[in-house]
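Structural features, examined
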Amino acid sequence: MRKFLALTLVVALAAFTVGCATQTAQPAPANQQAQTPPVTNPPVSTPAPTTPPTTPAPAPAPSVAAPAPTPSTPVVAQPAARPVATTPVAPAPSPAPQVHTPPAAVTPAPTEPHVFRLVETDGTELVLEEIPRRIVALSVNTAGVLASMGIMPVGMSTTARAHHILRDVPQVGRPAAPDIERLRALRPDLVIANILFKPSLAPVFRQHGLTAYFIDNQRYSDVIANLEMFGRAFFNNANHAQALIDHIRQRERAALRAAQGRPSPRVLIIWGTPQSFMLSTQYSYVGEMVSMLGGRNVTEGMNVARHTQTIPLSMENIIAFNPEIILRISHGSPEQMAQMFQREFTQNPVWGRLAAVQNGRVIDLPVDLFMSNPGLPMIDALEALARFMYP
Amino acid sequence: MITAEKLCLCYDKKNVVSDFDFAVRPGEIVSLIGPNGSGKSTVLKAISRLMKCSCGVVHLDGRDIYKLPTREVATKLSILSQVHTSPPDFTVRELVSYGRIPHQRWYETLNNEDREIVEWAIEQTRLEELADRTVNSLSGGERQRAWIALALAQRPQVLLLDEPTTFLDICHQIEVLELVKELNASLGLTVIMVLHDMNHAAAYSHRLVVIKDGRKVAEGTPCHVLTPALLRDVYNVQAEIALHPLTGKLYFHALGLACARRELACNQVTA
Amino acid sequence: MTARSAVRPLPRDLRAAKKILVLLLALGLLGTVAIASLRFGSLSFATQDILQALLGAEDTLAKVVVLDVRLPRMLLALMVGANLALSGALLQAVMRNPLADPGLTGVSTGAALAGVTIMLALPQFGALVPFAAFVGGAIACALVFALAWKRGIEPIRIILAGVAVNAVFGGGTSLLSILYSDRIQGILMWLNGSIAGRSWYHVRMLAPYTAVGLVVALLCIKAANLLQLGDDAARNLGLNVNLARTALSFVAAFLAGISVSTVGLIGFIGLIVPHVCRLLIGSDYKFMLPLSAILGALLLIVADASARTIFRPVELPVGIIMAVVGGPFFLYLLRKGGSYRV
């Protein structure tokens, strides 16, 4: 009998441990750039970035202004799929960020020796003697960032919607499992992969003698932090990086200004399909932007671990929280998604009790900007979000 | 009462039984005997519709057995297979009560008449004291009797037994065979059984049918059928056959193999 | 001749009465637990608030939560639990194998593949998920039986065909998960079986099919009992064994299919509950089948209440809770041997 109770206890303990583990460690493939992000608002860059700027660049564009006159910009105002919101959303054209190379000589006058150093979030450092020239970016987000800095990657992960600047870049397969043969054929000096896949890819790269760096770029703040790190590492392009950062910060400030003085709304972020969905926490890509804009996520104040990006949350808590704004992110055409969600919202009377539904502040977010971090275009996402939240 | 004409049975495209003619009169006890793999059990299965025959026809009371509704056949004919399984917690009485199912409509349950018949079947097989015990807790012979009680509860006119004594010790074997003989005498139950032990077959049957390689080799009363020549041809066994001084029944005693070298030479000896 | 054990068996009527008592007790327990489960959830309410919510007319938070969130979930758990348990019990009769589970017929993987295909690749047809899941399950089940049929249905062939079909369909689901790995997060709840987010709409959808399924299942009692005696004995007693096997399997597949299409994949109930019932009340399907339905409902209600309470405010998929609740209890019963010895 005692052996039995012991066995039962062991099984129950094991189950609880599993339960805790699944609760805290939610991987976030939601923000994997597996297939999605198009580089819709490509920064303009001179493809061979080097030291002396010969052309005086135009003044940096103000936040909401006419599109840049540079030829290679496609000037995509908003991503093709407009949000079908229940509140009318004024489409705002957002310009391509300008690259402005400062007139001063770019060859840095270093106060410290320039070292190519990249640091991963788990502390692993990658230090190389020379700046790598042939870079493969297994992350469309990163490929876009590098290209904007003036560093054209020699290879990138397969994506259906590459921006046209990257369209000639050879594609080498999925971010989670690239085609090693094609990868090696490109003879890269550096491979940049997503840190989510480090456990499986690190040994593979080691085996094949490839230098690898694992980047964490799921969140808004990650993109900027990475840009800064790339700026320091690729020191010949430091100014490009700085320019990009300044531009983003400027637009960010403008967007945040919209939130100033407004009461902070309660926001619910739904991720998935109407049949099966989860909620994005304040630590997710969209969640972080909502928090930046002053929104209060339903998951705040609950014991959610820092790296948890989506959790299955109880409907009861949603009712008690009574969100004022509901943001819906679902893959698929937004009109159809909106329709389906509407149906679910009408079938289940519970939704109708929420302030957000009653006031019509339910918004379907465009997939390309909000499904996962698209890299530099995230600033467009922030601006769009600011408009949704504070019309 | 039961006739089989030109029966042939295939199993996995192999002809197991061919050209088999067979007739049983009411009230008879007929035993099918023959070497292993000769097709005895197959014939029994065909007669009881457990197996479909490839050609030929089986008549029960003059009607084609395959054209009769299953339930009707189940009320007239009952077969007891070699191996029985039952859930571990069925009592004897519960098991026997299943025998009444063919007589009920699908929505009916046991009525008083059914209960009486169940008790009667238990009585006939002398299981009154064991009626509330689980079937699996009984000994081999008792279990066999319980299944015979189940067959009895069906109130069949014909009882088919597929090697009913194979897994039992001698005491239980006699027990079962005596029961069969008694049921035949008191109820007029027609019995067709497949037996391995020829002495038993001789002692307890009115007629014997000998099958070898799917064909009927001999048929008749034990005295006529069991001859040393037949035993040598069919079983490859040298035997002595005599009438027992005490019982007056036929019995045989095996003296050894008929031919020294095995299969090939023996098969050539077949008449 | 043989040594008889000293246990005196109970007379027949007392045994039947005992079984009926067990059934009634189980029913009573079900009612109590069902009502009590309304108390548990992510938010805490005082019992008074709950009673007021049920009886009063005031539109409080408690009322919304209890009537629109917990009550439909409880009813859904009741129906799905009963369906899956019955499905398992019927399949165990067909297979004559205590390890039979509705998953063997391919229903779960077929439904999963259909549902996942829509949710990942064709999300614009999302409203069709329940229907598609049911059809997918039915197709998989039909495929299993078509492969298994060879002059009749034998349990071993059903199992082998089921393994093959499950492998293929499961592979399809895995493939989709990889191709759409960025979207998989959203459908995890469905894949693991979850009653979260279900509402009165789903209750209304499932109720008529459940009612039909339950009635038909009860009609199968006799056939199920006969199958337990073995093929030969069953044929001898007038049962068309092939027809019975096929019919029972389809009833089981139907019950599992409607459940999966509504709440996703919840395993384990069909496997464990009939066993537990057998240990409690014996193998006679006349008593075991109703008890399976009752216990299945009971188990899933408890599991769902736990799923929404244990790690609140996070909701666990109920299938995970099932394993923890059901497993040790089953082990305990096996060890004890069940009270059904007389």
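Above this text you will find the structure in question.
All values reported here derive from a predicted model rather than from experimental measurement.

Some thoughts on the overall build of chain A
The helix and strand tally for chain A stands at 13 helices and twelve strands. Excluding contacts between residues fewer than 6 apart, the proportion of contacts in chain A whose partners are at least 24 apart in sequence is 70%.

Here we look at the overall build of chain B
Along chain B, the regular secondary structure elements total ten helices and twelve strands. Computed over C-alpha atoms, the radius of gyration of chain B comes to 19 Å, within 12% of the 18 Å expected from 2.2 N^0.38 for 271 residues, which places it in the range of a compact globule. Projected onto its principal axes, the C-alpha coordinates of chain B cover approximately 60 × 45 × 30 Å. Burial status across chain B gives 44% buried among its 271 residues. Here the analysis covers contacts within chain B between residues at least 6 apart in sequence; of these, 64% occur between residues at least 24 apart.

A few points about the sheet that holds strand β3 (residues 135-137) of chain A
Residue and element names in this part refer to chain A. Reading across from one edge, β4-β3-β5-β6 is the order of the four strands in this open sheet, with parallel pairing throughout. Strands with a single pairing partner mark the edges of an open sheet, and in this sheet they are β4 (155-156) and β6 (212-215). As paired elements, strand β5 (residues 190-194) and β6 share four bridges and run parallel to each other. The partner of N194 across the bridge, within β6, is I215.

Considerations on the sheet that holds strand β8 (residues 190-194) of chain B
All names here are of chain B. Within the open sheet, the six strands sit side by side as β6-β7-β8-β3-β9-β10. Their pairing is mixed. The two strands at the open ends of the sheet, each matched to only one other strand, are β6 (77-80) and β10 (215-220). On average, each strand axis in the sheet is inclined to that of its neighbour by 15°, with strand direction left out of account. Note that strand β9 (residues 207-212) and β10 share five bridges and pair antiparallel. Residue K212 lies in a different strand from β10, and its bridge partner there is R215.

Some points on helix α2 (residues 140-149) of chain A
It helps to recall that an α-helix has 3.6 residues per turn; residues three or four apart then point in one direction. All names here are of chain A. Within α2, ten of the ten residues are buried, which leaves it mostly tucked inside the rest of the structure. Restricting attention to buried positions, one finds in α2 the residues V140, N141, T142, A143, G144, V145, L146, A147, S148 and M149. In this structure, the buried residues of α2 make contact with β3, β4, β5, β6, α5 (220-233) and α6 (238-259). Directly beyond the C-terminal end of α2, a positive phi value near 100° is found at G150.

Side note on the interface of chain B and chain C
On the side of chain C, 22 residues touch chain B, which itself brings 24 residues to the contact. Looking at the side of chain B that touches chain C, the elements that each hand over two or more residues are α2 (70-76), β6 and α3 (92-97) of chain B. Looking at which element gives the most residues to the side of chain B that touches chain C, the answer is α2 of chain B, with three residues. Taken together, the residues of the side of chain B that touches chain C sort by class into ten nonpolar, eight polar and six charged.

About the cut-offs
Numbers given for residues are sequential positions, taken from 1 along each chain in its written order. Chain A is the first chain written and ligand 1 is the first ligand written, with later ones labelled in order. It should be noted that, the model being predicted, local features are given only for residues of pLDDT at least 70 and side-chain atom pairs only at 80 or more, the latter also being counted only at that level, while totals for whole chains, interfaces and linings use all residues. The way it works is that DSSP assigns letters per residue, a run of H or I at least four long becomes a helix, a run of E at least two long becomes a strand, and they are numbered from the N terminus. Residues are treated as contacting if the C-beta atoms built from their backbones sit within 7 Å of each other. Throughout, radius of gyration means the C-alpha value; the globule benchmark is 2.2 Å times the number of residues raised to the power 0.38. Residues with at least 20 neighbouring C-beta atoms inside 10 Å of their own are called buried, those with 12 or fewer are called exposed, and the rest are partly exposed, where every C-beta is derived from the backbone. Note on pairing: DSSP must find at least two bridges between two strands before they are called paired. Lines fitted to C-alpha atoms define the axes here, with helix axes fitted over just the stretch in contact, and angles between the N-to-C directions of these axes take values from 0 to 180 degrees. Residues are grouped as follows: nonpolar covers Ala, Val, Leu, Ile, Met, Phe, Trp, Tyr, Cys and Pro; charged covers Asp, Glu, Lys and Arg; every other residue, Gly included, is treated as polar.

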